[in-house]
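Each chain, letter by letter, is given below.
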Amino acid sequence: NCLSVRCIELHTYTAGGALLDRGHHDSGSVVSMSLLLSDPVATDGGHFFTWDAAGSPVIHALGRGDALVFDSHKVHNVGGVTEGVRQSL
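Residues numbered from 1 in each chain as written. Predicted model: local features only at pLDDT ≥ 70, side-chain atom pairs only at ≥ 80, totals over all residues. Heavy atoms only, no water.

### Description of the overall build of the protein
- Regarding its fold elements, the protein presents zero helices and nine strands.
- Counted from the first residue to the last, the protein has its helices and strands arranged as β-β-β-β-β-β-β-β-β.
- Computed over the C-alpha atoms, the radius of gyration of the protein is 13 Å, within 12% of the 12 Å expected from 2.2 N^0.38 for a compact globule of 89 residues.
- Seen through its principal axes, the protein has C-alpha atoms that stretch 45 × 30 × 20 Å.
- In the protein, which comprises 89 residues, the share counted as buried stands at 29%.
- Counting 5 positive and 9 negative side-chain charges, the protein places the centres of these two groups 4 Å from one another. (Helix = DSSP H or I, 4+ residues; strand = E, 2+ residues; numbered from the N terminus. Rg over C-alpha atoms; globule rule 2.2 N^0.38 Å. Buried < 20%, exposed > 50% of the residue type's maximum accessible area, 1.4 Å probe, protein only. Lys, Arg positive; Asp, Glu negative; His and termini not counted. Charge placed at Lys NZ, Arg CZ, Asp CG, Glu CD.)

Below you can see the structure in the form of C-alpha cells.
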C-alpha cells in the first residue's frame, strides 16, 4: 500500500493553551509527525509528550525545526503554555 499525506495542520498555542486530553491520538492516519516551528527558548511550557507503558509522561525536547515521527495511534499531548507562543505542524 502507498502512503500519502492526509492533512497538514498548523497548531498555535498561546498562554493558557494546551492539548491535555489523555486519550488523544490521530485517528485516520498511520504515521504522524510533529514539527516544532517556534523557538522553545521564547516559550515557557508547551512541551510535546507521549506516555510510556507504565502511564508516565515522556517529554520530547524539540528544538526549532526538529520533528518527531510516531505511530498515529500513540497517545500524545502538549503541555500548557505559560508564556510566549508555540507553533507546530
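### Things to note about the environment of E83
- Structurally, E83 can be placed in strand 8 (residues 81-83).
- Sequence separation of E83 and G46 is 37 residues, and the distance between their C-alpha atoms is 9.1 Å.
- Every residue in contact with E83, bar those within four places of it in the chain, is listed here: A15, A42, T43 and D44. (Contact = heavy atoms within 4.5 Å.)

### Here we look at the nonpolar core
- Core analysis: the biggest nonpolar cluster contains eight residues, these being Y13, L36, F48, L62, L68, F70, V78 and V81.
- Those residues in contact with L36 that lie beyond four places of it in its chain are L62, G63, R64, G65, D66, R86, Q87 and S88. (Core = buried A, V, L, I, M, F, W, Y, C linked by side-chain atoms within 4.5 Å.)

### Digging into the pairing of strand 4 (residues 48-51)
- Of the two faces of strand 4, the one carrying F48 and T50 and the one carrying F49 and W51 are both buried.
- Pairing of strand 4 with strand 5 (residues 57-60) involves four bridges; the strand directions are antiparallel. Counted as the bridge partner of T50 is V58 from strand 5.
- Between strand 4 and strand 5, which pair antiparallel one after the other, the connecting turn spans five residues, and G55 there sits at a positive phi close to 90 degrees.
- Sheet topology note: the strand 4/strand 7 (residues 76-78) ladder contains three bridges and is antiparallel. Note on strand 7: the bridge partner recorded for F49 is N77. (Pairing = 2+ DSSP bridges.)

What is shown is where atoms sit, not what they do.
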